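So the chains spell out like this:
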Amino acid sequence: DVKVTQSSRYLVKRTGEKVFLECVQDMDHENMFWYRQDPGLGLRLIYFSYDVKMKEKGDIPEGYSVSREKKERFSLILESASTNQTSMYLCASSLGGGPTEAFFGQGTRLTVV
Amino acid sequence: AQRVTQPEKLLSVFKGAPVELKCNYSYSGSPELFWYVQYSRQRLQLLLRHISRESIKGFTADLNKGETSFHLKKPFAQEEDSAMYYCALENQGGKLIFGQGTELSVKP
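Keep in mind that what you see is a predicted model, and the values were worked out from it rather than measured. (Residues numbered from 1 in each chain as written. Chains lettered and ligands numbered in written order. Predicted model: local features only at pLDDT ≥ 70, side-chain atom pairs only at ≥ 80, totals over all residues. Heavy atoms only, no water.)

Draft legend 1. Expanded view of the overall build of chain B. On a plain count of helices and strands, chain B comes out with 0 helices and 11 strands. Starting at the N terminus and ending at the C terminus, chain B contains elements arranged as β-β-β-β-β-β-β-β-β-β-β. A compact globule built from 108 residues should have a C-alpha radius of gyration of about 13 Å, and chain B, at 13 Å, falls within 12% of that. Structurally, chain B occupies a C-alpha span of about 40 × 30 × 25 Å along its principal axes. (Helix = DSSP H or I, 4+ residues; strand = E, 2+ residues; numbered from the N terminus. Rg over C-alpha atoms; globule rule 2.2 N^0.38 Å.)

Draft legend 2. The interface of chain A and chain B, seen in detail. With 22 residues of chain A at the interface, the matching set in chain B holds 20 residues. Where chain A abuts chain B, roughly 1,800 Å² becomes buried across the two surfaces, and 54% of that area is made up of carbon and sulfur atoms. It is Leu43, Pro99 and Phe104 of chain A in chain A that bury the most area against chain B; as a group they hold 29% of the surface buried on that side. Run the count over chain A and chain B and you get 2 salt bridges. Residues Lys95 of chain B and Glu56 of chain A are paired through a salt bridge, measuring 3.1 Å at the closest nitrogen-oxygen approach. (Contact = heavy atoms within 4.5 Å. Buried area = accessible area lost by both parts, 1.4 Å probe. Salt bridge = Lys/Arg side-chain N within 4 Å of Asp/Glu carboxyl O.)

Draft legend 3. Structural context of the pairing of strand E6 (residues 54-57) of chain A. Residue and element names in this part refer to chain A. Sheet analysis places strand E5 (residues 42-51) next to E6, joined by 3 bridges and oriented antiparallel. Opposite Tyr47, over in E6, you have Lys57 as the bridge partner. What sits between E5 and E6 in their antiparallel hairpin is a turn of 2 residues, with Lys53 showing a positive phi close to 65°. (Pairing = 2+ DSSP bridges.)

Draft legend 4. Representation of the sheet that holds strand E8 (residues 73-78) of chain A in the model. Residue and element names in this part refer to chain A. Spatially, the 4 strands line up as an open sheet ordered E1-E3-E8-E7, and their pairing is antiparallel. Single-partner strands in this sheet number two, and they are strand E1 (4-6) and strand E7 (64-70). Ignoring which end each strand starts from, the neighbouring axes of this sheet average 20° apart. Summarising the sheet, strand E3 (residues 19-25) and E8 pair through 6 bridges and their orientation is antiparallel. When the bridges of E8 are listed, Val19 appears paired with Leu78. (Axes fitted to C-alpha atoms, helices over the stretch in contact; angles between N-to-C directions.)

And the structure:
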């Protein structure tokens, strides 16, 4: 079974803090994704990585950055957390090289106070 | 621009009734389309993909390139179908874009 594991299930941070969300997959997938999930807005893509150290902006990259130093790990960084970044964050991975199934993590519920 | 639109936020039907969840897309290339489902307190997971042309849990979806649609259908809804459904498009670079989601509620 493919496993996509996000480091935290729930996180509470203060405004202005630098926040790291970690995601690890164990199936040697090429592609990894970070989304935020908000009611009525669906899943919005923040960043996409198609290889180590390669990344592409999604629809809402402002206020976020990412790091992929190793194939299995994809980190989402909130440089200076703000209350409007309170959300559910989902990480996913897929094999790549064609239309393949994406596997999702359990999600991190981030609250910025 | 690549976009996926699901016009209905909530769809409520009675058990045994037919269901159709709408999905329209905007993409200049040849799209790869998927339906994902999220049951209560579970991870988002793949339901079906257009390239497989299969029926999963009684659900089917047909790609209509003329209408740029990929609607999800089931002839007889069951209570266990209640969930959040997302339509998704994968572009040729592997980027996966989702719609806003439709919450399906099947009442007894």
